[in-house]
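Remarks on the overall topology
The lines below spell out each chain.
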Amino acid sequence: MSKLKTIVPAGEIAVRTLLDSAPFRVAMDTLAQTHDRFIDELITLTEIPAPPFKEERRGQVYRSMLETAGLADVATDSIGNVTGIRRGNGTGKRMVTISAHLDTVFPEDTDVTVRRDGYRLAAPGVGDNTRGLATILAYLRALDAAGISTRDDILVLASVGEEGEGDLRGMRHFFAESAYRDRITTLICLDGPTPANAIVSGGTGSKRYRVTFRGPGGHSFADHGIVNPMIAAARAVVELGRLSLPDDPKTTCSSTVIKGGNSVNAIPAEVSLMVDLRSNSAPELADLDTRFREIVMQSCHVENDSRSIQKGAIAVEMVLIGDRPAGVTADGELTECAAAAIEAIGETPVFGSFSTDANMAMSLGIPAVTLSWGGEGGDAHSLSEWTDVDPAKTLPGMSVGLVTLLACAGADV
């Protein structure tokens, strides 16, 4: 009986070849030797505020850094995305993109001074996602020092509007308007704090709404019995909380913010609430969106049917304030390379879904993943956010993104 032949995935072979090559070892040595510069650049970028919709100043500095790194065609587009190209030796028709987002969640007046205790850096935004930006700069230096060329062009993309109500506006604009959009074969996002063994190959979709119930308002005693927007909003929240939703694909509905009223003795004229709908499945998200709208309208109708509309009826307005498409990257070269790179540092790859800049590419059928920028971090989106830049912990994690990028771009080693 003949023995079964073990078929090694092409991505794994490419990663093994890279890891065993002298040029890649030089690149990793360069990461180690220039680690202090990486830390300095991380601190410099962190201390430039980049609040939602106000990333311009950080973008200007990062553009200058990409120019210093020797990239070609460094530019800033009309909404603030910064791009630059490390040219390959192929036809120029294929492009692998490595990306990190410029924005943080913190408002303009936040103190972003970095506090350093050994290798531990603490400041709002120091990890999410300033560290991704600094990691890309370190990669570029390492590739140049090692003399590594690639078949495909490598496009560096520093995007705006990844966080919160930014609603992936940078990536949306890029894939709708950029002259490069039709050449992108692969997107690798560096974001964190993502565990070193994580491969975010699924994009959790979301729809976010601001729902406003409006009524006539009145005196809490004299006008008692008229319709009340507060009751309509409360009924909607309760009914949304009763929805039966699947665990797989994970689907959620969260009522998150409610506002309204101006006095304890007045029936409010307006009450608004925010609702966050999410799913790892586009069809499930669409179904949830339909049920959400039905519940909101029913809550309005029930209130109008239950109380007096002599002074006016309840009206409701639903405004979509966030819309992130769901998507998934199927098994293939990109996921094979990322998994092999993680296994090479002694970790077990864990695939998962999350909402990141990679969502846009996934929704368009472009292979995309989000990987760790290497190292550890915590307390993201809080004033106590921190990241650990100890090279003993950082360099193995940084190798994952670098070798995945080179394998997908066709490194010549």
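Here, the structure is the one placed above.
Residues numbered from 1 in each chain as written. Predicted model: local features only at pLDDT ≥ 70, side-chain atom pairs only at ≥ 80, totals over all residues. Heavy atoms only, no water.

**Examining the packing of helix α2 (residues 22–33) against helix α11 (residues 391–409)**
Just so we agree on the cut-off: Working convention: axes come from line fits to C-alpha atoms, limited for helices to the stretch in contact. Angles between N-to-C directions cover 0 to 180 degrees. Helix and strand definitions here come from DSSP, where helices need a minimum of 4 consecutive H or I residues and strands a minimum of 2 consecutive E residues; each element is numbered from the N-terminal end. Orientation labels follow simple angle bins: below 35 degrees gives roughly parallel, above 145 gives roughly antiparallel, 65 to 115 gives roughly perpendicular, and whatever is left gives oblique. Crossing handedness: left-handed means the near helix sits turned counterclockwise from the far one by under a right angle, and right-handed means the same turn made clockwise. Any two residues whose heavy atoms approach within 4.5 Å are treated as being in contact. Side-chain classes are defined by residue name, with Ala, Val, Leu, Ile, Met, Phe, Trp, Tyr, Cys and Pro counting as nonpolar, Asp, Glu, Lys and Arg as charged, and the others, Gly among them, as polar.
Interaxial distance between α2 and α11 falls to 11 Å at its minimum, and their mutual angle equals 140°. Comparing the axis directions of α2 and α11 gives the class oblique. In this structure, α2 meets α11 at a crossing whose hand is right-handed. In this structure, α2 uses F24, A27, M28, L31 and A32 to contact α11, whose residues at the interface are L395, M398, S399, L402, V403 and L406. Among the residues forming the contact of α2 with α11, the class breakdown is 10 nonpolar, 1 polar and no charged.

**A short note on the pairing of strand β18 (residues 368–371)**
Operational definition: Partly exposed describes any residue whose relative accessible area lies between the buried limit of under 20% and the exposed limit of over 50%, with all areas from a 1.4 Å probe on protein chains only and scaled to the type maximum. Two strands form a pair only when DSSP identifies at least two bridges running between them.
Going residue by residue along β18, you find A368 and T370 tucked away on one face and V369 and L371 tucked away on the opposite face as well. Pairing between strand β8 (residues 184–190) and β18: 4 bridges, direction parallel. Bridge pairing links I188 to V369 in β18.

**Quick notes on the pattern of salt bridges**
We count it as follows: By definition here, a salt bridge exists when the distance from a side-chain nitrogen of Lys or Arg to a carboxyl oxygen of Asp or Glu is within 4 Å.
Under the criterion given, the structure shown has 26 salt bridges. With its nearest N and O atoms 2.5 Å apart, the salt bridge here joins D73 to R87. Highlighted residues: D73 in strand β1 (residues 72–76) and R87 in the loop between β2 (82–86) and β3 (95–101), separated in sequence by 14 residues. A residue is classified by how much of its surface remains accessible, and D73, at 44% relative accessible area, is partly exposed. Among the residues examined, R87 registers a relative accessible area of 47% and is labelled partly exposed. Note that K393 is salt-bridged to E376, the shortest N-O span being 3.9 Å. In this pair, K393 is assigned in helix α11 and E376 in strand β19 (residues 376–378), connecting sequence segments 17 residues apart. Judged by its relative accessible area of 40%, E376 falls in the partly exposed class. Connected through shared salt-bridge partners, R37, E41 and R141 make up one network.

**Side note on the nonpolar core**
Proteins that are soluble and globular tend to have nonpolar side chains buried together. For clarity, the cut-off: In this text, buried Ala, Val, Leu, Ile, Met, Phe, Trp, Tyr and Cys residues form a nonpolar core when linked through side-chain atoms within 4.5 Å.
Within the largest apolar cluster, 65 residues are counted, with the highest numbers of intra-cluster contacts made by L31, Y62, L66 and L402. Once residues within four sequence positions are removed from consideration, Y62 is found in contact with L45, L102, L133, I136, L137 and A158.

**Regarding the sheet that holds β19**
Within the open sheet, the 4 strands sit side by side as β4-β5-β20-β19. Their pairing is antiparallel. Here the strands that pair on one side only, and so sit at the sheet edges, are β4 (115–117) and β19. For this sheet, the mean angle separating the axes of adjacent strands, direction not counted, is 15°. Where helix α3 (residues 35–46) meets the sheet, its contacts fall on β4, β5 (120–122) and β20 (386–388), and the angle it forms with β5 comes to roughly 10°.

**What about the packing of aromatic side chains?**
Quick reminder of the rule: Aromatic pairing here means that ring centres of Phe, Tyr or Trp (its six-membered ring) are within 6.5 Å. Orientation follows from the plane angle: under 30 degrees is stacked, over 60 is edge-to-face, and everything else is tilted. Any Lys NZ or Arg CZ that is within 6 Å of a ring centre and within 35 degrees of that ring's normal is treated as a charge sitting over the ring.
This model, assessed by the stated rule, comprises 2 aromatic pairs. For the pair F174 and F175, a centre-to-centre distance of 5.1 Å together with 85° between the ring planes defines the contact as edge-to-face. Across the pair, F175 and F174 agree in class, each one buried. For R120, the ring lying beneath its charged end belongs to W386, and the centroid distance is 4.1 Å.

**Thoughts on the state of the cysteines**
Using the following cut-off: A pair of cysteine sulfur atoms is labelled a disulfide when the two atoms are within 2.5 Å.
Tallied over the full model, the rule gives 0 disulfides. Free cysteine: C253, not disulfide-bonded; nearest cysteine sulfur from C300 at 18 Å. Given the relative accessible area of 17%, C253 is considered buried. Free cysteine: C337, not disulfide-bonded; nearest cysteine sulfur from C408 at 4.3 Å.

**Topic: the packing of helix α9 (residues 333–344) against α11**
Their axes nearest at 9 Å, the elements α9 and α11 cross at an angle of 145°. The handedness of the crossing between α9 and α11 comes out as right-handed. Residues E333, L334, C337, A338, A341 and I342 of α9 touch α11, and the partners they reach there are V400, V403, T404, A407 and C408. Classifying every residue of the contact of α9 with α11 gives 9 nonpolar, 1 polar and 1 charged.

**Details of the sheet that holds strand β10 (residues 205–214)**
Pairing is antiparallel across the open sheet formed by 4 strands, whose spatial order is β12-β14-β10-β15. With partners counted over all chains shown, the strands left at the sheet margins are β12 (251–260) and β15 (315–324), one partner each. On average, each strand axis in the sheet is tilted by 15° relative to the strand beside it, whichever way the strands run. Here helix α8 (residues 282–306) sits on the sheet and contacts β10, β12, β14 (270–279) and β15; the angle it forms with β10, its principal contact strand, is near 10°.

**Quick notes on the pairing of strand β9 (residues 198–203)**
Across the 6 residues of β9, 6 count as buried, placing the element largely inside the fold. Note that β9 and strand β17 (residues 350–354) share 5 bridges and pair parallel. Paired with I199 across the strands is F351, a residue of β17. Relative to strand β16 (residues 327–328), β9 is paired through 2 bridges, and the arrangement is antiparallel. Looking at the pairing, G202 lines up with V328 of β16.

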